[in-house]
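Take a look at the letters that make up each chain.
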Amino acid sequence: MSTTAQTDEPKTLILTGASRGIGHATVKRFSAAGWRVITVSRQAFSKECPWHAGEEDHVQLDLSDVNDLERGMDELRARLPLGKLDALVNNAGISPKLAGGKRMGVLATDYATWLHVFNVNLFATALLARGLFEPLKAAKGSIINVTSIAGGRVHPFAGAAYSTSKAALAALTREMAHEFGAHGVRVNAIAPGEIDTSILSPGTEAMVDSEIPMKRLGKPEEVAATIMFLCTSGSSYITGAEVHINGGQHV
């Protein structure tokens, strides 16, 4: 009779856009909870990132490039030796601006910019979910898509391509929840508002008193905590939802 003790394998998260802000806070939150975190970014791993095994579990991947996405998908699957993935967080996103940080409207946005934004913010999300579906299904895992308050209203800083890509991502979340639910994979979205990160647009502080009922900016750690909730058992009957994290700004 075998006396070998059974040890629980750590849960695994794949996170895109991990290098700063919400992504950075999310990696720290999951790492502190004992998860293995595989980060994805078009940049090489930064030595400033403080989490364990970060460099070994980093995949450099350009989400705007379909060919690179296929290569990266193979590498991501190869990093799942047990064939299981507990969570996929699609956090990567781009929001091009005009000179001086001004919003880029429809008249100022050419086709190449539309395509670049939608490749990163929308199409890569669908392709990652498709390519990693079997490991997610095996783990009864969760997908979290990061949308935005700009997906539901005209925003003073977010441009037309960014806003419409995030509105489409909310619709994609519903579609994926409908399709994946029977396989045990839950799909939800979070829609952050004004979060206190290094990429805030100039003038954001002026919105706090006039537009945000809670009269403060959100913290990256608060967003990360919501992502953690949606990836764990406390949210086991939640799918197809879009959670607003904006201090009431959406009301």
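Right above here is the structure, for reference.
These numbers come from a predicted model, not from an experiment. (Residues numbered from 1 in each chain as written. Predicted model: local features only at pLDDT ≥ 70, side-chain atom pairs only at ≥ 80, totals over all residues. Heavy atoms only, no water.)

## Overview of the layout of surface pockets
Part 1 of the reasoning: In this structure, the second largest pocket spans a volume of roughly 270 Å³.
Part 2 of the reasoning: If you trace the second largest pocket, you find it lined by Glu9, Pro10, Lys11, Thr12, Arg36, Arg79, Leu80, Pro81, Leu82, Lys84, Asp86 and Ala139.
Part 3 of the reasoning: Taken together, the residues that form the lining of the second largest pocket break down as five nonpolar, one polar and six charged. (1 Å grid on protein atoms, 1.4 Å probe; cavity = no way out; pocket = protein on both sides within 12 Å on 5 of 7 lines; lining within 4 Å. Points joined across faces, edges and corners; volume = space filled by probe spheres on them. Nonpolar A, V, L, I, M, F, W, Y, C, P; charged D, E, K, R; others polar.)

## Here we look at helix H3 (residues 111–131)
Part 1 of the reasoning: A maximum bend of about 50° is found in H3 at Asn119.
Part 2 of the reasoning: Among the residues making up H3, those that are buried are Val117, Phe118, Asn119, Val120, Asn121, Leu122, Ala124, Thr125, Leu128 and Ala129. (Bend = angle between axes of the 7 residues up to and from the residue. Helix = DSSP H or I, 4+ residues; strand = E, 2+ residues; numbered from the N terminus. Buried < 20%, exposed > 50% of the residue type's maximum accessible area, 1.4 Å probe, protein only.)

## Notes on empty space enclosed by the protein
Part 1 of the reasoning: Counted by the stated rule, this structure contains one cavity of 30 Å³ or more.
Part 2 of the reasoning: Here the largest cavity defines a volume of roughly 40 Å³.
Part 3 of the reasoning: Together, Thr16, Leu63, Asn90, Asn91, Ala92, Val120, Asn121, Ala124, Thr125, Leu128 and Leu169 line the largest cavity.
Part 4 of the reasoning: Considering every element that reaches the lining of the largest cavity, the biggest residue donor is H3, with five residues.
Part 5 of the reasoning: When grouped by side-chain class, the residues that make up the lining of the largest cavity number six nonpolar, five polar and no charged.

## Examining the nonpolar core
Part 1 of the reasoning: Ile14, Leu76, Leu88, Leu128, Leu132, Ile143 and Phe180 are the most contacted members of the largest nonpolar core, which has 29 residues in total.
Part 2 of the reasoning: Sequence-distant contacts of Ile143, defined by excluding residues within four places in its chain, comprise Leu88, Asn90, Ala129, Leu136, Met176, Phe180, Val185, Arg186, Val187 and Asn188.
Part 3 of the reasoning: Listed in part, the 20 residues of the second largest apolar core include Trp35, Val37, Cys231 and Ile245. (Core = buried A, V, L, I, M, F, W, Y, C linked by side-chain atoms within 4.5 Å. Contact = heavy atoms within 4.5 Å.)

## Focus: the environment of His250
Part 1 of the reasoning: Of note, His250 is situated in the segment after strand S7 (242–245).
Part 2 of the reasoning: For His250 and Ala150, which are 100 residues apart along the polypeptide, the C-alpha to C-alpha distance reads 9.6 Å.
Part 3 of the reasoning: Excluding residues within four positions of it along the chain, His250 makes contact with Ile149 and His244.

## A closer look at the environment of Ile38
Part 1 of the reasoning: With respect to the element layout, Ile38 can be found in strand S2 (residues 36–41).
Part 2 of the reasoning: For the pair formed by Ile38 and Leu15, sequence separation is 23 residues and the distance between their alpha carbons is 6.3 Å.
Part 3 of the reasoning: Ignoring any residue separated from it by four or fewer positions in sequence, one finds Ile38 in contact with Thr12, Leu13, Ile14, Leu15, Asp57, Val59, Leu76, Arg79 and Leu80.

## Here we look at the sheet that holds strand S3 (residues 58–60)
Part 1 of the reasoning: Here seven strands make up an open sheet; going across it, the order is S3-S2-S1-S4-S5-S6-S7 and the pairing parallel. If you trace the sheet from one side to the other, it starts and ends with S3 and S7, each paired once. Pairwise comparison of adjacent strand axes, ignoring direction, gives a mean angle of 15° for this sheet.
Part 2 of the reasoning: Packing of helix H5 (residues 160–180) onto the sheet brings it into contact with strand S5 (142–146), strand S6 (186–192) and S7, and relative to S5 it is tilted by some 170°. (Pairing = 2+ DSSP bridges. Axes fitted to C-alpha atoms, helices over the stretch in contact; angles between N-to-C directions.)

So, to be careful, I would describe these as geometric facts and stop short of saying anything about function.
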